[in-house]
Amino acid sequence: MQTDADWKVVATRVGKGASIGTGSTILCGVTIGERATVGAGSVVTRDVPAGAVVAGNPARPLRKTKNP
């Protein structure tokens, strides 16, 4: 049986202007950068840099904007 001591709160951060598609799963402790885009249904397991576009399972970069 689990107790309160077995749980730890970890922050997940979403930057200003970021877009997260419907049905996406973002793991705890991950940071989504400013103006980043996460495709629908993606599973984000790592940090997403500012301005990047990621999609898939696991989410992988599709492109990065020139001026994030």
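Cut-offs and rules
Residues numbered from 1 in each chain as written. Predicted model: local features only at pLDDT ≥ 70, side-chain atom pairs only at ≥ 80, totals over all residues. Heavy atoms only, no water. Helix = DSSP H or I, 4+ residues; strand = E, 2+ residues; numbered from the N terminus. Contact = heavy atoms within 4.5 Å. Salt bridge = Lys/Arg side-chain N within 4 Å of Asp/Glu carboxyl O. Buried < 20%, exposed > 50% of the residue type's maximum accessible area, 1.4 Å probe, protein only. Polar contact = N/O pair within 3.5 Å; in protein donor to acceptor, adjacent residues only side chain to side chain. Core = buried A, V, L, I, M, F, W, Y, C linked by side-chain atoms within 4.5 Å.

A.B. asks: Provide a residue-level description of the environment of V43, including the pertinent values.
C.D. replies: When you line up the elements, V43 lands in strand β6 (residues 43–44). C-alpha of V43 to C-alpha of A18: the two residues are 25 residues apart in sequence and 16 Å apart in space. The contacts of V43, once residues within four sequence positions are left out, are T25, G56, N57, P58 and A59.

A.B. asks: Pulling in residues and values, what's your account of the pattern of salt bridges?
C.D. replies: All told, the structure shown has one salt bridge when counted by the stated rule. Across the pair R35 and E34 runs a salt bridge, and its minimum N-O distance is 3.3 Å. With a relative accessible area of 41%, R35 lands in the partly exposed category. Taking the relative accessible area as the measure of exposure, E34 reaches 42% and is therefore partly exposed.

A.B. asks: Tell me what's going on with the side chain of S24, and back it up with residues and numbers.
C.D. replies: Along the polypeptide, S24 turns up in the loop between β2 (19–20) and β3 (25–26). Among the polar contacts made by the side chain of S24, one reaches the main-chain carbonyl oxygen of G21 at a distance of 2.9 Å. A distance of 3.0 Å separates a polar atom in the side chain of S24 from the backbone oxygen of G39. If we skip the residues at most four places from it in the chain, S24 touches V38, G39, A40, G41 and S42.

A.B. asks: Outline the nonpolar core, listing residues and values.
C.D. replies: Nonpolar side chains in soluble globular proteins generally cluster together in the buried interior. Ranked by size, the top nonpolar core spans eight residues in total: V30, I32, A36, V38, V44, V48, A52 and V54. Discounting residues that sit within four places of it in the chain, V48 has contacts with T31, I32, G33, A36 and V54.

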